[in-house]
Amino acid sequence: MKLHIVIVEPDETRARLVIDSLQPLGHRVTIISEGAGLARRVREIAPDIVLIDMANPSRDTLEEMALAAGPMDRPVAFFVDRTDGDLTRQAIEAGVSAYVIDGLQPERVAAVMDAAIARFQMFQRMRLELETTRRALEERKLIDRAKGILMKARGISEDEAYALMRKTAMDQGRKVADVAGAIVTAAGLLS
């Protein structure tokens, strides 16, 4: 798969080494030599992956660079010359897909990119599953509240209340959770 890669590298010589290691693979590479305006530039370029080389990151710089590169939108790999446990933890918490100590080595870039992409995709699936589960739980709570309202208002059982909401949803071409939301909203207005 051919990728569009952004490399954030202030040293032109190091950047050229990385480009030379990636071009035989057919990837398109864009170099950003400074961190100023990084978020805007990354959004405009919309790369598949961002590689950031930082010789000696501070906590603030690391967080700023990670967030600017959009680690929730695309894989981001950090290459640092040295680090400490707190910086590593902070990078991972910011959503960085790969955090490589001992700098950006051209011969390792392709393998690190593959690992960063795989990790990013795994976390994207997990975030999607978590969001789906949260949404289902919220819908379940809403449906339960609506059932309670119908049971009290109409003097019917829980099964009858759910069947009524389900029939209404089918008749109107809506989801049961949407009908439940309307019931809860209406009940709130009427009380």
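Here is a short report on the structure shown in this document. (Residues numbered from 1 in each chain as written. Predicted model: local features only at pLDDT ≥ 70, side-chain atom pairs only at ≥ 80, totals over all residues. Heavy atoms only, no water.)

**Considerations on the sheet that holds strand β1 (residues 4-8)**
For step 1, the next point in the chain: Read across the open sheet, the five strands follow the order β2-β1-β3-β4-β5; overall the sheet is parallel. Two strands lie at the open edges of the sheet, namely β2 (28-32) and β5 (98-101), each paired on one side alone. Adjacent strand axes in the sheet meet at a mean angle of 15° when their direction is disregarded.
For step 2, the next point in the chain: The strands that helix α1 (residues 12-22) touches are β1, β2 and β3 (49-54); relative to β2, the one it contacts most, it runs at about 170°. (Pairing = 2+ DSSP bridges. Helix = DSSP H or I, 4+ residues; strand = E, 2+ residues; numbered from the N terminus. Axes fitted to C-alpha atoms, helices over the stretch in contact; angles between N-to-C directions. Contact = heavy atoms within 4.5 Å.)

**Overview of the packing of aromatic side chains**
For step 1, the next point in the chain: For the structure on display, the rule yields one aromatic pair.
For step 2, the next point in the chain: The interplanar angle of 45° and the centroid separation of 6.5 Å between the aromatic rings of Phe78 and Tyr99 together place this pair among those described as tilted. Here Phe78 is found in strand β4 (residues 76-80), whereas its partner Tyr99 is found in strand β5, with 21 residues between them in sequence.
For step 3, the next point in the chain: What makes Phe78 buried here is its relative accessible area of 0%.
For step 4, the next point in the chain: Classification of Tyr99 by relative accessible area gives buried; the value is 13%. (Phe/Tyr/Trp six-rings, centres within 6.5 Å; stacked < 30°, edge-to-face > 60°. Buried < 20%, exposed > 50% of the residue type's maximum accessible area, 1.4 Å probe, protein only.)

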